[in-house]
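Read off the chains here:
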Amino acid sequence: MTAKRIFAGLFALITLLTLAGCTSPRLPEGRYSAAGRDDFALVNNDLIFLHITTPAENPSPFAFWDWAGGYSLSPEGVLTPDMETELLKKWSFYYSFRYEKNILKVIDKGEGRPVLSLILEAPARR
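In this report, the structure presented in the accompanying data block is examined. Computed from a predicted structure; not experimentally measured. (Residues numbered from 1 in each chain as written. Predicted model: local features only at pLDDT ≥ 70, side-chain atom pairs only at ≥ 80, totals over all residues. Heavy atoms only, no water.)

To continue, consider the pattern of salt bridges. Going through the model one piece at a time under the given rule, you end up with five salt bridges. Salt-bridge contacts for Glu-121 lead to Arg-31; the nearest nitrogen and oxygen are separated by 3.2 Å. Of the two residues, Glu-121 sits in the segment after strand E8 (113–120) while Arg-31 sits in strand E1 (residues 30–33), which places them 90 residues apart along the sequence. A relative accessible area of 34% places Glu-121 in the partly exposed class. Residue class for Arg-31 comes out partly exposed when judged on its relative accessible area of 34%. (Salt bridge = Lys/Arg side-chain N within 4 Å of Asp/Glu carboxyl O. Helix = DSSP H or I, 4+ residues; strand = E, 2+ residues; numbered from the N terminus. Buried < 20%, exposed > 50% of the residue type's maximum accessible area, 1.4 Å probe, protein only.)

Below, the structure written as structure tokens:
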């Protein structure tokens, strides 16, 4: 009987540790925006919608690039959209994303500095 309890406890501990290691960091939910700009990001659980100004080096008939889908967030704050390969190559050639303390920074890879700081808006009161 004691051996069964030891194995059951050990199994429960291994299961708990495995599940704890499976969670990945997530952004706080809400709307991230920049004052005076039309750029924004919307986050809901593990999904994100990005509405970012087209890079100056890549003029487009459209003023913004839009994308929605899943994402991953490293413990260091690097956000990687789960895009299809070709689209990811295009976006990641111009931009990278970093999250720090309720601010999502859009970094211009050509200049190596943030071009946008999208700040988490306070939730609207009902």
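Next comes the rest of the account.
As a further point, take the pairing of strand E4 (residues 64–73). Strand direction decides the pairing type here: strand E3 (residues 47–53) and E4, joined by seven bridges, are antiparallel. Each bridged residue has a counterpart across the sheet, and for Phe-49 the counterpart in E4 is Ala-68. Examined bridge by bridge, E4 and strand E5 (residues 78–81) share three bridges and lie antiparallel to one another. Among the inter-strand pairings, Leu-73 is bridged to a residue of E5, identified as Leu-79. In textbook terms, the turn of a hairpin is the stretch between consecutive antiparallel strands, and for E4 and E5 this stretch comprises four residues, one of which, Gly-77, has a positive phi near 95°. (Pairing = 2+ DSSP bridges.)

As defined by bridge partners, E1 adjoins strand E2 (residues 40–44) across four bridges and the pair is classed as antiparallel. Looking at E2, one finds that Ser-33 is bridged to Phe-40. Here E1 folds back onto E2, and the loop between the two strands holds six residues, one of which, Gly-36, carries a positive phi near 80°. Two strands pair when backbone bridges link them, and E1 and E8 are joined in this way by two bridges, in the antiparallel orientation. Bridge pairing links Tyr-32 to Leu-120 in E8.

Right, let's talk about the nonpolar core for a bit. Within the largest apolar cluster, 23 residues are counted, with the highest numbers of intra-cluster contacts made by Leu-27, Ile-48 and Leu-104. Listing elements by their share of this core, those giving two or more residues are E2, E3, E4, helix H2 (85–94), strand E6 (95–100), strand E7 (103–108) and E8. The element best represented in this core is E4, accounting for four residues. Discounting chain neighbours no more than four positions away, the residues touching Leu-27 are Tyr-32, Val-43, Ile-48, Tyr-71, Leu-73, Leu-79 and Tyr-99. (Core = buried A, V, L, I, M, F, W, Y, C linked by side-chain atoms within 4.5 Å. Contact = heavy atoms within 4.5 Å.)

Right, let's get into the packing of aromatic side chains. Per the stated rule, a full pass over the model turns up six aromatic pairs. Relative to Tyr-94, the ring of Trp-65 has its centre 5.9 Å away and its plane inclined at 70°; by these criteria the two rings are edge-to-face. Of this pair, Trp-65 sits in strand E4 while Tyr-94 sits in helix H2, and the two are 29 residues apart along the sequence. Exposure class is identical for Trp-65 and Tyr-94. Each is buried. One aromatic cluster is present, formed by Trp-65, Trp-91, Phe-93, Tyr-94, Tyr-95 and Phe-97 through successive ring pairs. Here the guanidinium or amino end of Arg-31 rests over the ring plane of Phe-40, the centre of that ring lying 4.4 Å away. (Phe/Tyr/Trp six-rings, centres within 6.5 Å; stacked < 30°, edge-to-face > 60°. Lys NZ or Arg CZ within 6 Å of the ring centre and 35° of its normal.)

All quantities given are derived from atomic positions and should not be read as evidence of function.
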